[in-house]
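Architecture and fold: a report
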Amino acid sequence: MENRKKSTTKLGICEKIHTIQAFYPITKETMIIDGKSIAHSILMEVLEKTKTLTTKPRIVDVLLGDNPASLSYIRQKGRSAEIAGIDFELRQFSADTTEDELLTIVEWLNNDSNIHGFIIQLPLPPHINTNNIIEAIDPRKDVDGFTSQNIGKLFLGTADLVSCTPKGVMRLLKESDVKIQGENIVMIGKSNIVGKPLSLLLMNAGWTVTVCSKDTKNIAEFTRNADIIIVAAGSPGLVKKNMVRPNATIIDVGCTLVNGKIRGDVDFEALESTCLITPVPGGVGPMTVAMLMENTFIAAKNQM
Ligand code: GUN
């Protein structure tokens, strides 16, 4: 309760309507949604669930080449898997691997009953057709939730394996006690990995969703009326203070390397005192990884 008491005093000025569950240690007077801490709690929940299985779940991450950003992301997954009681293995191949060779690797993984889930680390080298590879993945092992079968089920609201970043954002909103009914959401970004599936999840959950892109004309006219802004545009600093009404909730999915530092799509410094906001790093990123572990548990359970 200590955290919530502190936040009430601080929030009195701006009469913030959103409240954070006292369970999570919310930093900076509760205006910041601490994705890292929420993700850690989820990994502990997954650990409890994996303990109930007869076999330890196993996930394989396939990487072609040695992209440093991918390797750093993979290390984070390895650490999270350990916390969640999941075996994690990196299988790294040459960046020159052909599409046919990669399809053969996917087939091995599909047929290996000791592996419950796997992901093909994106982006793939340009000589490989990413869609051909994703479609070759057995949907039961598709812990990324990228195959057309799993995306189709997400559309219908019947998916077991939901894409990790959209699922992580939904969970962040839930854990932050953000209201659903009547709230207007502006989603900036329409990628297959985040914007499109997340818009569907939000609609299925009862939100009113407007989808924009970074090129939308007069984008501020949309964002200024939004109760919640979710941005996944890969455009650092796109959302500025004058585009957001006070007390809005902002979820920043952006993650771009600028001069050696990771930056989100929001002018965080200008908005952190007036909005409920996720930081970058430490907001959506850890949630994506936690959801990957939850999906691995679900995939393993379904296959046992
Ligand atoms: N590269 C960056 N993020 C992701 C992800 O969520 N899944 C895969 N497969 N590759 C990625």
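Here, the structure is the one placed above.
Here's a quick rundown of the structure. It should be emphasised that the depicted structure is a prediction, and the values quoted were computed from it without experimental measurement.

A few words on the site of the ligand. If you check the shell around the ligand, you find Tyr73, Ile120, Gln121, Leu122, Asp144 and Phe146 and nothing else. One of the backbone N or O atoms of Ile120 is found 2.8 Å from a nitrogen atom in the ligand. Within the contact set of the ligand, a nitrogen atom lies 2.6 Å away from a side-chain nitrogen or oxygen of Asp144. In the complex, the protein chains occlude 78% of the 280 Å² of accessible area that the ligand would expose alone. Classifying every residue of the shell around the ligand gives four nonpolar, one polar and one charged.

One open sheet holds the three strands; their spatial order is β2-β1-β3, and the pairing between them is parallel. Looking at strand neighbours, the two that pair on one side only are β2 (87-93) and β3 (117-120), the edges of this open sheet. Each adjacent strand pair in this sheet contributes to an overall mean axis angle of 20 degrees, direction not counted. Note: strand β1 (residues 58-64) against β2, seven bridges, orientation parallel. Across the sheet, Arg58 pairs through a bridge with Asp87, a residue of β2. Lying over the sheet, helix α3 (residues 68-83) contacts β1, β2 and β3, oriented at roughly 160 degrees with respect to β2.

This part is about the nonpolar core. Judged by nonpolar contacts, the single largest core of 48 residues is most densely connected at Leu173, Leu202, Trp207 and Ile230. Setting aside residues up to four positions removed in sequence, Leu202 forms contacts with Met170, Leu173, Ile185, Trp207, Val209 and Ile230. Formed by 20 residues, the second largest nonpolar core is a distinct cluster that contains Val231, Leu238, Ile250 and Cys275.

Here β1 lies mainly inside the structure; six of its seven residues are buried. The parallel pair β1 and β2, bridged by α3, forms a crossover whose chirality is right-handed. Where β1 and β3 come together, four bridges link them in parallel fashion. In the strand pairing of β3, Asp61 is matched with Ile119.

On the basis of which strands lie adjacent, the open sheet formed by five strands has the order β5-β4-β6-β7-β10 and parallel pairing. The open sheet is flanked by β5 (208-212) and β10 (276-277), the only strands paired with a single partner. Strand direction decides the pairing type here: strand β4 (residues 184-188) and strand β6 (residues 228-231), joined by four bridges, are parallel. Along β6, the bridge assignment pairs Val186 with Ile229.

Turning our attention to the pattern of salt bridges. Taken as a whole and judged by the stated rule, the model has 13 salt bridges. The salt bridge partner of Glu175 is Arg171, with a shortest N-O separation of 2.8 Å. Here the residue Glu175 and the residue Arg171 both occupy positions in helix α7 (residues 164-175), the gap between them amounting to four residues, near one helical turn. Arg171 matches Glu175 in its accessibility class, with the two residues each being buried.

So, how was this worked out
- Residues numbered from 1 in each chain as written.
- Predicted model: local features only at pLDDT ≥ 70, side-chain atom pairs only at ≥ 80, totals over all residues.
- Heavy atoms only, no water.
- Near = heavy atom within 4 Å.
- Polar contact = N/O pair within 3.5 Å; in protein donor to acceptor, adjacent residues only side chain to side chain.
- Areas by Shrake-Rupley, 256 points an atom, 1.4 Å probe, with all protein chains shown as cover.
- Nonpolar A, V, L, I, M, F, W, Y, C, P; charged D, E, K, R; others polar.
- Pairing = 2+ DSSP bridges.
- Helix = DSSP H or I, 4+ residues; strand = E, 2+ residues; numbered from the N terminus.
- Axes fitted to C-alpha atoms, helices over the stretch in contact; angles between N-to-C directions.
- Contact = heavy atoms within 4.5 Å.
- Core = buried A, V, L, I, M, F, W, Y, C linked by side-chain atoms within 4.5 Å.
- Buried < 20%, exposed > 50% of the residue type's maximum accessible area, 1.4 Å probe, protein only.
- Right-handed = clockwise from strand over helix to strand, strands pointing away.
- Salt bridge = Lys/Arg side-chain N within 4 Å of Asp/Glu carboxyl O.

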